[in-house]
Amino acid sequence: MDDAATSPGSLIVLAYTVRRLFSSIVLLFIGTGVVFYLTSISSNPELLLATCPPTRCGPEFRAEMTEMYQLDKSIPQRYVSWLGDAVQGDLGTAVRDGRRPVTEVLGERLPKTLMLAIPAFVLTGLIAVGLGVYSAVRQYSFGDNTLTAFSFVGISMPTFFFGLLLQVFWGVWWQDWTGTRPFYVTGYHDANFMDIVASLTLPVTTLMLVTVAGEARFGRASMLEVINSEYIRTARAKGVSERKVIFRHALRNALIPLVTIWALDFAALLSGSVITETVFAWPGIGSYFLRSITNYDLDPVMAIMVFTAAITIAFNMIADVMYGVLDPRVRYD
Amino acid sequence: MNLWRSRKLAWSGLLLAFVLIAAACGGDDDTGEATTTSAAEQDATTTAAPDGTTTTGADTGTTLAEGDDYCAGGGEGNLIWAHEQEPPDMHLDDPANNLTTTAWARQALLDGLYGITAATLFFPELLAEEAVMTDNGDGTFTATFVLRDGLVWSDGDDLTGDDVKFTFDAIMALGPDTTPDDQETDPDPESDFIYLIGDRTGYDTVTEFAVTSPTEFSITWSAFFGGWKAMFAEVYPSHVFDADPAVAAAEMNDAFREWTLASGDPIPTSGPMMFESWDRGVAMHFVRNDNYNGSQSPDVVNTGIACVSGVDITYVLDTDAQVNSLKANQAHVIMTQPQQQFTELATDANFTVNPQAGPVWEHWGLNILNVHLAKTEVREALAHALNKQQVVETLYTPLFGDLLPAAGLGNTYWMSNQPQYEDHQGEAGYGTGDADAARALLEGAGYVAGADGVYEHPTDGRLTLRVGTTGGNQLRELQQQLIQAQMAAAGIEIVIENLPGGEYFSVPFGGDPTIWEITQFAWVGGPWPGSQTFSYRTGSGNNPYGYANADFDAKADECDQIVDEAEAAVCYNELDLFVTTLGPDGESGLIVLPLTQKPSFYAYSNTALSAGAISPDANSAGPIVNVVDFKLAG
């Protein structure tokens, strides 16, 4: 055990991880700077003040806003100040959400986003792998062609359209046909476990659509590459059963390229799906992001953008490290 | 007096500016492709009131006889209203708040001395009868109020004149280091008040507030204030706040944000609902006030407590999803934009689309500081070339039927559904799309048609005018394009230059001709139209038209001082003639081309509900203002 931990290979991975960590921090620093600048010039609180009549936005309010957003300072100065607060866990105030700390609001919203993201991620992975394997093993069969067609439809279909379609199908048509409505079409309902499941089903299905379609195509390509490789041919020549060839020898290696995709998809899901959460009135980070933009609520917008950037960079790094761990052919130096 | 007047005008104007922005930035991008039943087509029910008289209310599908229980046969449960905007907090006067959606939610929580009907008229709400206004003969005026007997708060405490006095004292409470004398010299007196309220107009001229019994009190003003009935639109419960008004005002600022007292209890209410909880991002929950004093609104059938056991306001940002929620019976009521969302609902027997004309009105405002628009002939040519009927027929009639006058709106002080309304522009022959009359006027002013048909003036150049509004508002953009074509037929070139909402209203609002030539947005009318005056007054910071007329200003002062409502109505109509015609002001008049009212409407499910409620006006009411009439299907 100790030998393994201190082996040259482990040390190389550790060194690579530390190197990536530092480069990620630099990347995050640059990314937050860009995001802060763009957010500052687009969600401009000065505009809110300019359009708010003095009867409602009196001197005290204006002073409060000026202090809160440091409107008397340049954008770089504001960024440095924001960064200083952010590293101490202060992401600002959600002015348009009861003037609560942004961290408090995100603390409420993130679990709801996770409730969508985790089932969507797990189910997507399982279904996409299954479909990818099936398509690769039965390449150019009717089933493969059908799945290919559905994959392209899934990739091409706008999320908001599919979400609304699900609402109409299950909420309106199904109800007309059967007199029952198995799923909630909007909102988060938590009266009991089945209520939660009924709330989750349609948004999770919507989230899965595009990712399943994309990952299935990717899985198919990866699997095809593997099952046409020499070692698989060798295994078959040795008389290994087809099931064992596919699931023990081919699938394991075919999954390696999918790790990167999964990492990025999970990062995207964690950051909140703006469209899906909005269509289904799901109280997660994504819908809050849109609401904050429309309300000119600068701090939450900035916090979510930075959170998204950090998650993306972190999972990119994890994917890179995992890729090397899973595939010994990959060298870190 | 001068100080009072200037402050009053300033606050009125600034309030108007906010209302303007709220109305203009409503995010509607309506089109008028749909069809629906108009209010006139909907059956009204007639019911006997306890005194034996009859009451006409909304379409409930039932006729209520004396002694009948309105709620009988209805199902138990909460009314679910799906709405896109979640209020930042419940403090109506928080600058960071969204006024409209908060006001809509509070409509079901707190009653006021007067309410406003769907026809934009005042009715006594907490009052037993109309208050009596007396001219004291020394310039001061006193109104005597009588509250209804037996009024109580939702927690059972008596609601008395002391609560009204408390409300007044809290609104006017000053900070600890401020005295009334300081107010006279302070350049920014509003900042010295504690309670956050946008407008103290009317409150600030009260010289005496006397409570003579639990149900009787009187208020004396230093001068007559025409909008006195709009004051105390909410009365606050004194028994849950500190007796010291300054302390109470600060407590109220905190408590109203989450509708929760320092003790953790919700603020008691006088309306048909009580606040229960707020799951941010998901829903706000109200529960029925079983101590409700009953409604006196002429719009409702049910004069008792609400039939529904509560209200859930669920927040659904996407308007398509709102419609799907309604269709899926997951929501019972929606009130959203744009109009085309209601197209399918309006023709479906399972839903009622209920519109009211409302007080929000669209207009084209002419900046007379522009070299062309300074000429009366050009303004009159625009008025003649404009075809309001085509605008109404194309964009409004398909969805709202004959709810609005086919000839469009012809008055800026009174709306078409108010009894005081007179169609001044129609009577002047404007708004009929008379291109020949327009051309004749232009040619009389020295304009000559160019090769492309657009007129040119020998010294002032090509007759091209920019019109602007908040970009992304589909209804307005369609209106602009329609009118642009109408003007082109008369040789007037209209260039459409829209800006994003915030940017559009961030420019100076004082009639700068380099910014404003023709502006299109909405003003909001009401039962007291005097506040409209501020946008026309000389030098007003809220006057985008560059209008300045001392006679108008004097007449406006005169109108605001008239106690008799009928006489005041006549006066405001005379005032309107200054700005919508060339009658009283042949040189600088005719600065506004009112187009039409923009109806408010909502849709409710006929399958989930056995009775709906009359649609609210678009000003400050929302779907639950008449919540007592909603009845779930049994």
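None of these values were measured; they are calculated from a predicted model.

Cut-offs used in this document
- Residues numbered from 1 in each chain as written.
- Chains lettered and ligands numbered in written order.
- Predicted model: local features only at pLDDT ≥ 70, side-chain atom pairs only at ≥ 80, totals over all residues.
- Heavy atoms only, no water.
- Helix = DSSP H or I, 4+ residues; strand = E, 2+ residues; numbered from the N terminus.
- Buried < 20%, exposed > 50% of the residue type's maximum accessible area, 1.4 Å probe, protein only.
- Contact = heavy atoms within 4.5 Å.
- Areas by Shrake-Rupley, 256 points an atom, 1.4 Å probe, with all protein chains shown as cover.
- Pairing = 2+ DSSP bridges.
- Core = buried A, V, L, I, M, F, W, Y, C linked by side-chain atoms within 4.5 Å.
- pLDDT = per-residue confidence, 0-100.
- Salt bridge = Lys/Arg side-chain N within 4 Å of Asp/Glu carboxyl O.
- Phe/Tyr/Trp six-rings, centres within 6.5 Å; stacked < 30°, edge-to-face > 60°.
- Lys NZ or Arg CZ within 6 Å of the ring centre and 35° of its normal.
- Disulfide = S-S within 2.5 Å.

Helix and strand counts for chain B come out as 15 helices and 25 strands. Burial status across chain B gives 61% buried among its 634 residues. Residue pairs in contact within chain B that sit at least 24 positions apart in sequence constitute 69% of those at least 6 positions apart. A total accessible area of about 21,100 Å² is found for chain B, and carbon and sulfur atoms account for 51% of it.

Moving on, we get to the sheet that holds strand E12 (residues 310–315) of chain B. Strand order in the open sheet formed by seven strands is E10-E11-E12-E3-E13-E23-E14 (chain B), and the pairing between neighbours is mixed. Of all strands in the sheet, those with a lone pairing partner are strand E10 (273–279) and strand E14 (351–356) of chain B, marking the two edges.

This next bit is on the environment of B:Thr343. All names here are of chain B. Along the chain, Thr343 falls in helix H7 (residues 343–346). The class of Thr343 is partly exposed, set by a relative accessible area of 27%. For the pair Thr343 and Glu422, spaced 79 residues apart in sequence, the C-alpha separation works out to 32 Å.

Unlike most non-glycine residues, A:Arg99 shows phi in positive territory, near 55°. Tracing the backbone shows A:Arg99 in the loop between strand E1 (93–94) and strand E2 (100–101).

This part is about the pairing of E14(B). All names here are of chain B. With respect to burial, E14 is a largely interior element, six of its six residues being buried. Side-chain alternation along E14 places Phe351, Val353 and Pro355 on one buried face and Thr352, Asn354 and Gln356 on a second face that is also buried. As paired elements, E14 and strand E23 (residues 600–605) share six bridges and run antiparallel to each other. Pairing of Val353 across the sheet is with Ala603, part of E23.

Attention shifts here to the environment of B:Ala385. Residue and element names in this part refer to chain B. For Ala385, the position within the fold is in helix H8 (residues 376–385). Residues Ala385 and Ala490 lie 105 residues apart in sequence; the distance between their C-alpha atoms is 6.2 Å. Sequence-distant contacts of Ala385, that is, excluding residues within four places in its chain, are made with Gly433, Asp434, Ala438, Gln486, Met487 and Ala490.

Another aspect to go through is the sheet that holds strand E18 (residues 461–462) of chain B. All names here are of chain B. Pairing is antiparallel across the open sheet formed by three strands, whose spatial order is E16-E17-E18. Lying at the two open borders of the sheet, with one neighbouring strand each, are strand E16 (448–449) and E18. Where strand E17 (residues 455–457) lies against E18, two bridges are found, and the strand directions are antiparallel. Its bridge partner lying in E18, Glu456 is registered against Arg462.

On to the nonpolar core, then. All names here are of chain B. Ranked by internal contacts, the top residues of the largest apolar core, which has 105 residues, are Leu113, Phe145, Trp221, Trp228, Phe286, Tyr536 and Phe630. In terms of residues, this core owes the most to one element, helix H15 (residues 565–580), which gives seven residues. The residues touching Trp221, leaving out its near neighbours within four places in the chain, are Met133, Thr140, Phe141, Ala143, Phe145, Gly202, Thr205, Val206, Thr207, Trp228 and Met231. Counting 56 residues, the second-largest nonpolar core is a separate cluster that includes Ala445, Leu465, Ile494 and Leu595.

Before going further, it helps to spend a moment on helix H13 (residues 285–294) of chain A. Residues and elements named next belong to chain A. The element H13 is extensively covered by neighbouring structure, given that seven of its 10 residues are classed as buried. All of the buried residues along H13 are Ile285, Gly286, Ser287, Tyr288, Phe289, Arg291 and Ser292. Looking at the buried side of H13, the elements it contacts are E1, helix H6 (102–137), helix H11 (242–270), helix H12 (274–279) and helix H14 (298–326). Directly beyond the C-terminal end of H13, a positive phi value near 55° is found at Tyr296.

To continue, consider the confidence of the model for chain A. Averaged over every residue, the pLDDT of chain A is 86; residues scoring 70 or more account for 90%. The weakest mean pLDDT in chain A belongs to helix H1 (residues 2–5) of chain A at 50; the strongest belongs to helix H8 (residues 159–178) of chain A at 94.

For side chains bearing opposite charge, pairing can occur when the charged atoms are close. Taken as a whole, this structure holds 25 salt bridges over all chains when the rule is applied. When the shortest N-O distance is used, the salt bridge between B:Asp169 and B:Lys165 registers 2.9 Å. One end of the pair, B:Asp169, and the other, B:Lys165, are both in helix H3 (residues 161–172), four residues apart, so they sit about a helical turn from each other. Residue class for B:Lys165 comes out partly exposed when judged on its relative accessible area of 24%. Residue B:Glu497 is joined to B:Arg466 by a salt bridge in which the shortest nitrogen-to-oxygen separation is 3.5 Å. Taken together, the residues B:Glu497 in the loop between strand E20 (493–496) and helix H13 (501–506) and B:Arg466 in strand E19 (residues 464–468) connect sequence positions 31 residues apart. We classify B:Arg466 as partly exposed; its relative accessible area is 21%. Counted as one network, the salt bridges with shared partners bring together A:Asp97, A:Arg100, A:Glu104, A:Glu108, B:Glu258 and B:Arg280.

Once that is clear, we can look at the pairing of strand E9 (residues 216–221) of chain B. Residues and elements named next belong to chain B. Taken across its six residues, E9 has five buried, putting it largely inside the fold. In this sheet, E9 lies alongside strand E8 (residues 206–213) in antiparallel orientation, the contact comprising six bridges. Bridge pairing in E9 links Val211 to Phe217. What sits between E8 and E9 in their antiparallel hairpin is a turn of two residues.

Let's shift gears to the packing of aromatic side chains. Residue and element names in this part refer to chain B. Following the criterion strictly, the structure yields 45 aromatic pairs over all chains and no others. A ring pair is formed by Phe145 and Phe217, whose centres lie 4.9 Å apart and whose planes are at 10°; its orientation type is stacked. Of this pair, Phe145 sits in strand E7 (residues 141–146) while Phe217 sits in strand E9, and the two are 72 residues apart along the sequence. Accessibility expressed as a relative area gives 2% for Phe145, which makes it buried. Its relative accessible area of 1% is what places Phe217 among the buried residues. With centroids separated by 6.3 Å and ring planes inclined at 70°, the aromatic side chains of Trp414 and Tyr572 adopt a geometry described as edge-to-face. With a gap of 158 residues between them, Trp414 in the loop between helix H9 (388–400) and helix H10 (424–427) and Tyr572 in helix H15 connect regions that are remote in the sequence. Considered together, Trp414 and Tyr572 belong to a single accessibility category, that of buried residues. Members of the aromatic cluster, each reached through a chain of ring pairs, are Tyr114, Phe122, Phe145, Phe168, Tyr203, Phe209, Phe217, Trp221, Trp228 and Phe232. The cationic tip of Arg106 hangs over the ring face of Phe256; the distance from NZ or CZ to the ring centre is 4.7 Å. We note Lys631 situated over the ring of Tyr70; from NZ or CZ to the ring centre the distance is 5.0 Å.

Residues and elements named next belong to chain B. Following the criterion strictly, the structure yields two disulfides over all chains and no others. The disulfide bridge from Cys71 ends at Cys307, spanning 2.1 Å between sulfur atoms. Of note, the bridge from Cys71 to Cys307 carries an S-S torsion of about -80° and is left-handed in sense. On the criterion of sequence distance, the pair formed by Cys71 in the loop between strand E2 (54–57) and strand E3 (78–83) and Cys307 in the loop between strand E11 (283–288) and E12 is long-range, its members being 236 residues apart. Bridging Cys559 to Cys571, the disulfide has an S-S length of 1.9 Å. Residues Cys559 and Cys571 are joined through a disulfide that is left-handed, its torsion about the S-S bond being -80°. On the criterion of sequence distance, the pair formed by Cys559 in helix H14 (residues 550–560) and Cys571 in helix H15 is long-range, its members being 12 residues apart.

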